[in-house]
Amino acid sequence: MTEPLAPGAVIGILGGGQLGRMLAVAASRLGLRVHVFEPAPNPPAGDVAHQVTTAGYDDEAALRAFAAGVDVVTFEFENIPTAALDLLETLRPIRPNRRALAVSQDRIAEKSFLNGLGLATAPWAAVDDAAGLEAALATIGCPAILKTTRLGYDGKGQARIMAPADAPGALAAMQGQPAVLEGFVAFGAEVSVIAARGADGQVAAFDPGENVHEGGILRTTTVPARLSPGLRTDAVLIAARILNALDYVGVLGVELFVTPQGLLVNEIAPRVHNSGHWTQQGCAVDQFEQHVRAVAGWPLGDGSRYADVVMENLIGDDVDRVPLLLRESGVAIHLYGKGAPRPGRKMGHVNRVKPRV
Ligand code: AMP
């Protein structure tokens, strides 16, 4: 695909969650259509998509029919089965590309890639068994965090090791899956950069946001982040470095730890990111539009920040506060159209906006 998408063209999105929903809204605002592919029935993105395919990622006929009806394929989550991508790739361009996905699907591939670029991460070591964990602990020390290399998100598949006695329990929590041991970073803050790269190589980064997690789940993102001008520049340069190295097209999220020694990369997400939701009220062009523009082969937009924003996730029963939030001024409410709230389930978010000072 070399020509920019024309009005009415169709973007195929793998995954139908809230990120797909907000991408579909952005696409429709730009006169483009979205076809969502999602195994679960009634996905949040389905309410606002032009078309929805409900089928498994192993359904070859459904994947072929989906590809035949779209101009380009993108995704809203990174753990898409490889076989599905192998097939889709022969039929339509996938943006961002397979390498970006492969790197972010596996923590060891991700850290090796980042370190190979000269970017700092927490100290880490691959762990396959009890002997491997003992050896890793001997070099990395305690406290440390053991994480499954694949399929971890929102703090799932992680176990803290405060003392060597915690090691057997942490290993058992990995349920036999390959793991990586990370040294515990005594960070001053967590920040993230949401950045985009266009098909022509143009790069645009949003202002870094400062993130607060609770129980491994993002609770709030605040812009501006409390970062020195030097670290703010570093954060943006790190994101640009990653985007260029991956020949990336689309929006990428980079999570960083702020330490006295500088910024460490925690992880990268090859997609729009929860910590970029503030851009919906903080910028003329938000992360969702930026991703659609990139994937469509259009020029990137101006993502300058013109407001101070605090984004707060509405998790589980937090949605009960919506009637009160509706009366608050300076608040934009985003609800994902999900069914019953469950603990840990992201139901929506709010952006509290103040004009930029
Ligand atoms: P992750 O799924 O790797 O993004 O981890 C979820 C959250 O756990 C992060 O946002 C941090 O708050 C915390 N965390 C993860 N890894 C580390 C680490 N090596 N040191 C300290 N905190 C961590």
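### Details of the nonpolar core
Core analysis: the biggest nonpolar cluster contains 37 residues, and Leu5, Ile11, Leu32, Val34, Trp278, Phe288 and Val292 have the highest contact counts within it. Mapped onto this core, the elements with two or more residues apiece are strand E1 (10–14), helix H1 (18–29), strand E2 (33–38), strand E9 (189–197), strand E12 (217–223), helix H10 (287–295) and strand E15 (307–315). For this core, the element with the highest residue contribution is H1, accounting for 6 residues. Both domains that meet at this core, namely domain 1 (10–94) and domain 3 (189–355), each give it at least three residues. If we ignore the near neighbours within four places in the chain, the residues touching Phe288 are Leu19, Met22, Leu23, Ala26, Val272, His277 and Gln280. Leu114, Ala195, Ala235 and Ala239 belong to the second-largest nonpolar core, a separate cluster that totals 27 residues.

### As for the pairing of E2
Across the 6 residues of E2, 5 count as buried, placing the element largely inside the fold. As paired elements, E1 and E2 share 5 bridges and run parallel to each other. From the neighbouring strand, Val10 faces E2, where its bridge partner is Arg33. Once the chain exits E1 it traverses H1 before rejoining the sheet at E2, and the crossover so formed is right-handed. With 4 bridges connecting them, E2 and strand E3 (residues 51–54) associate as parallel partners. Residue pairing across strands places Phe37 opposite Thr53, the latter belonging to E3.

### Some details on the domain arrangement of the protein chain
Segmenting the protein chain into domains produces domain 1 (10–94), domain 2 (123–183) and domain 3 (189–355). For domain 1 and domain 3, the distance between their C-alpha centroids amounts to 22 Å. Taken together, the 19 residues of domain 1 in the interface contact 20 residues of domain 3. Summing both sides of the interface, domain 1 and domain 3 together bury roughly 1,700 Å²; the carbon and sulfur share of this comes to 70%. On the domain 1 side of the contact with domain 3, Gln18, Met22 and Leu30 bury the most area, a combined 30% of that side's loss. In this assembly, domain 1 and domain 3 are joined by 2 salt bridges. Here Arg29 ties to Glu289 by a salt bridge, and the two come within 3.2 Å at their closest N and O atoms. Counting the contacts that link domain 1 with domain 3 gives 5 residue pairs in polar contact (both at pLDDT 80 or more). Elements supplying a minimum of two residues to the side of domain 1 that touches domain 3: H1 and strand E4 (72–75). Counting residues per element, the side of domain 1 that touches domain 3 draws most heavily on H1, at 8 residues.

Basis of the calculations
Sequence order as written defines the numbering, with residues in each chain counted from 1. At least 70 in pLDDT is required for a residue's local features to be given in this predicted model, at least 80 for side-chain atom pairs to be given and counted, and no such filter applies to totals for whole chains, interfaces and linings, which use all residues. Derived side-chain values reflect all non-hydrogen atoms in the structure, with water molecules and hydrogen atoms excluded from consideration. The nonpolar core is taken to be a set of buried Ala, Val, Leu, Ile, Met, Phe, Trp, Tyr and Cys residues, with the residues joined through side-chain atoms within 4.5 Å. Relative accessibility decides the category of a residue: with a 1.4 Å probe and only protein chains considered, values under 20% of the type maximum give buried, values over 50% give exposed, and everything between is partly exposed. Runs of E in the DSSP output that reach at least two residues are strands. Runs of H or I that reach at least four are helices, and both are numbered from the N terminus. A domain assignment, automatic or from a database, supplies the domain bounds used here. Contact criterion: two residues are considered in contact whenever any of their non-hydrogen atoms come within 4.5 Å of each other. Two strands make a pair as long as DSSP finds a minimum of two bridges between them. When the strands point away from the viewer, a crossover counts as right-handed if the path from the first strand over the helix to the second runs clockwise. Here the buried area means the combined drop in accessible surface, using a 1.4 Å probe, for two parts upon being joined, counting both sides. Salt bridges are identified by distance alone: a Lys or Arg side-chain nitrogen within 4 Å of an Asp or Glu carboxyl oxygen. Any N or O atom pair separated by 3.5 Å or less is treated as a polar contact, with the protein-specific requirement of one donor-capable and one acceptor-capable atom, and with residues adjacent in sequence counted only for side-chain atom pairs.

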